[in-house]
Amino acid sequence: MNIAEQKKQALNDVQSAADAAALEAVRIKWLGRSGQLPAIMKSLGALAPEARREAGRLANELKNEVTAALDARKAAFESAAVRTSASAFDVTLPGRWRGLGSLHPITQVIERATAIFRSMGFTVASGPDIETVFNNFTALNTPEDHPSRAPTDTFYLKENTILRTHTSPVQVRTMLAQKPPIRIIAPGRCYRRDTTDATHSASFHQVEGLYVDRKVSLADLKGDVSYFAKQMMGPDVKVRFRPHFFPFTEPSVEYDFSCHVCGDKGCRVCKQSGWIEISGAGLVNPRVFEHVGIDANEWQGYAFGMGVERIAMILFGIGDIRNLYENDVRFLAQFA
Ligand code: PHE
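Bear in mind that the values here come from a model prediction, so they are computed numbers and not experimental data.

*Asks:* Can you lay out the domain arrangement of the protein chain for me, pointing to particular residues and giving the numbers?
*Replies:* What the domain assignment lists for the protein chain is domain 1 (3–84) and domain 2 (105–335). The gap between the C-alpha centroids of domain 1 and domain 2 is 81 Å.

Here it is as structure tokens:
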């Protein structure tokens, strides 16, 4: 057999080796110390110079090509072993890019609002979603026959245990636990038996605020809320205060932010009014101070409870509150 034919034969042997052990046998047969290649080399000495040079070239070629084929086949066996072994995954596949997650718009609003109030000297307080009727209603001066206490409006778990309908019970918890001066905000989830529509959800978020000190007035509330609005929405936002009623504040107000989406011209988010209702607020009712043992002659306070979803809707131009709760990644990814 001439050398070219032997090379063909060797490459054929490499390709037909069924596993790593067979491959090693092929290597020994051809390249091993007493294999075919050394035999060929030895036979070169008997040749005439001209023929020797040509045969040497062919022998070298055999050696190089067979070595390369052996290496390639060996690598193929190794990666196949990784692919098929039960404990391992296929390290040879390209990685799967799953994309980066991002904070939910509600979380973003809460974090921004928290940062702004922190810069104004507020600390963050919290309370549980499951509350007592006392903390949620009674201590907040809500009359026994007030409609908001009815099981048609409020989720009752037991007779005196409910899902909180607002974050205001955190006011009560805070004032029972610490003495004035007090300056806290309390972001959190609230629950009401509302029928879901474009602006209502049975579960939503508020950021409660409570400031108790000497000589606190409605002017402090207006100033702080206006400052917050500009920090949160931008310098062009307008804030409007309207008289209102809450059992736990006196006097009480509601305040609106100008609609950021349409620049107060009127759109679907603000229902064509140019304004979005953001929050209830007022000066802490002395009856609430009585319930928590704070002397109303010495201390005054303001409180507010802002709707987080409302802020998110105008900040991001979201037309329907339900978008915030359906967890459609294509929707949420827009606010990354
Ligand atoms: N708790 C009120 C609500 O949910 C808002 C509010 C908070 C009003 C604090 C006054 C003071 O509507």
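Past the structure itself, the notes keep going.
*Asks:* Which residues make up the site of the ligand, and what values go with them?
*Replies:* Residues in close proximity to the ligand total 14 residues, the closest being H166, S168, R192, Q206 and G305. In the environment of the ligand, a nitrogen atom lies 2.9 Å from a nitrogen or oxygen atom belonging to the side chain of H166. In isolation the ligand has 330 Å² of accessible area, and contact with the protein removes 91% of it. Going through the elements one at a time, β6 (203–213), β9 (275–284) and β10 (300–307) are the ones with two or more residues in the shell around the ligand. Per element, the largest residue contribution to the shell around the ligand is three residues, and it comes from β10. Of the residues that constitute the shell around the ligand, the class distribution is five nonpolar, seven polar and two charged.

*Asks:* How would you summarise the packing of aromatic side chains if you had to cite specific residues and measurements?
*Replies:* If you walk through the whole model with that rule in mind, you get ten aromatic pairs. The interplanar angle of 55° and the centroid separation of 5.1 Å between the aromatic rings of F316 and F335 together place this pair among those described as tilted. Taken together, the positions of F316 in helix α10 (residues 308–316) and F335 in the segment after α11 (329–332) put the pair 19 residues apart, joining distant regions of the chain. F335 gets classed as buried once you look at its relative accessible area, which sits at 12%. Each residue in the set F117, F122, Y211, F228, Y302 and F304 is aromatic and connected to the rest through ring pairs, giving one cluster. Positioned above the aromatic ring of F122, the side-chain terminus of R183 is 5.8 Å from the ring centre.

*Asks:* Residues and numbers for the packing of helix α8 (residues 218–233) against α10, please.
*Replies:* Direction vectors running N to C along α8 and α10 enclose 45°, while the axes themselves pass 11 Å from each other. Relative to α10, α8 is oriented oblique. Touching F228, M232 and M233 of α8 are I311, I314 and L315, all from α10. The class makeup of the residues in the contact of α8 with α10 is six nonpolar, no polar and no charged.

*Asks:* Describe the sheet that holds strand β2 (residues 130–132), with residues and values.
*Replies:* What the three strands build is an open sheet, ordered β2-β4-β3; its pairing is antiparallel. Edge strands, defined here as strands with exactly one partner in the open sheet, are β2 and β3 (156–158). Neighbour-to-neighbour, the strand axes of the sheet open up by a mean angle of 35°, direction not taken into account. Here three bridges tie β2 to strand β4 (residues 161–163), and the two strands are oriented antiparallel to one another. Residue pairing in the sheet places I130 in a bridge with L163 of β4.

*Asks:* For the sheet that holds strand β8 (residues 249–258), give the residues involved together with the corresponding values.
*Replies:* Spatial strand order, β1-β5-β6-β10-β9-β8-β7: seven strands in an open sheet with mixed pairing. Each edge of the sheet is formed by a strand with only one pairing partner; in this case those strands are β1 (123–124) and β7 (239–246). Pairing analysis gives ten bridges linking strand β5 (residues 182–191) to β6, with the strands arranged antiparallel. From the neighbouring strand, P187 faces β6, where its bridge partner is V207. Of the strands in this sheet, β1, β5, β6 and β10 are in contact with helix α5 (residues 105–119), which crosses β5 at around 170°.

*Asks:* Tell me what's going on with α10, and back it up with residues and numbers.
*Replies:* Among the nine residues of α10, seven are classified as buried, and the element is accordingly described as predominantly covered. The elements touched by buried residues of α10 are α5, β6, α8, β8, β9 and β10. G317 lies just past α10 and shows a positive phi near 65°.

*Asks:* Would you mind going over the pattern of salt bridges in detail, with residue names and values included?
*Replies:* Applying the stated criterion across every chain, the model contains 16 salt bridges. The shortest N-O distance in the salt bridge between E24 and R27 comes to 3.0 Å. Of this pair, E24 and R27 both sit in helix α2 (residues 20–31), separated by three residues, roughly a single helical turn. When its relative accessible area of 35% is taken as the criterion, E24 is described as partly exposed. Residue class for R27 comes out partly exposed when judged on its relative accessible area of 34%. Counted as one network, the salt bridges with shared partners bring together K7, E54, R57, E61 and E65.

*Asks:* Explain unusual backbone geometry to me, and be specific about the residues and the numbers.
*Replies:* Along the chain, P180 connects to P181 via a cis peptide bond; the corresponding omega equals 0°. Relative to the helices and strands, P181 is located in the loop between α7 (169–177) and β5. Backbone torsion omega between E250 and P251 reads -5°, so that peptide bond is classified as cis. With a phi angle near 65°, N141 is a residue other than glycine that sits in the positive phi range. Mapped onto the secondary structure, N141 falls in the loop between α6 (133–136) and β3. On the basis of relative accessibility, which here comes to 19%, the residue N141 falls in the buried class. Of note, the phi angle at K215 is positive, near 60°, even though the residue is not glycine.

Reading guide: rules and limits
Residues numbered from 1 in each chain as written. Predicted model: local features only at pLDDT ≥ 70, side-chain atom pairs only at ≥ 80, totals over all residues. Heavy atoms only, no water. Domains from an automatic or database assignment. Near = heavy atom within 4 Å. Polar contact = N/O pair within 3.5 Å; in protein donor to acceptor, adjacent residues only side chain to side chain. Areas by Shrake-Rupley, 256 points an atom, 1.4 Å probe, with all protein chains shown as cover. Helix = DSSP H or I, 4+ residues; strand = E, 2+ residues; numbered from the N terminus. Nonpolar A, V, L, I, M, F, W, Y, C, P; charged D, E, K, R; others polar. Phe/Tyr/Trp six-rings, centres within 6.5 Å; stacked < 30°, edge-to-face > 60°. Buried < 20%, exposed > 50% of the residue type's maximum accessible area, 1.4 Å probe, protein only. Lys NZ or Arg CZ within 6 Å of the ring centre and 35° of its normal. Axes fitted to C-alpha atoms, helices over the stretch in contact; angles between N-to-C directions. Parallel < 35°, antiparallel > 145°, perpendicular 65-115°, else oblique. Contact = heavy atoms within 4.5 Å. Pairing = 2+ DSSP bridges. Salt bridge = Lys/Arg side-chain N within 4 Å of Asp/Glu carboxyl O.

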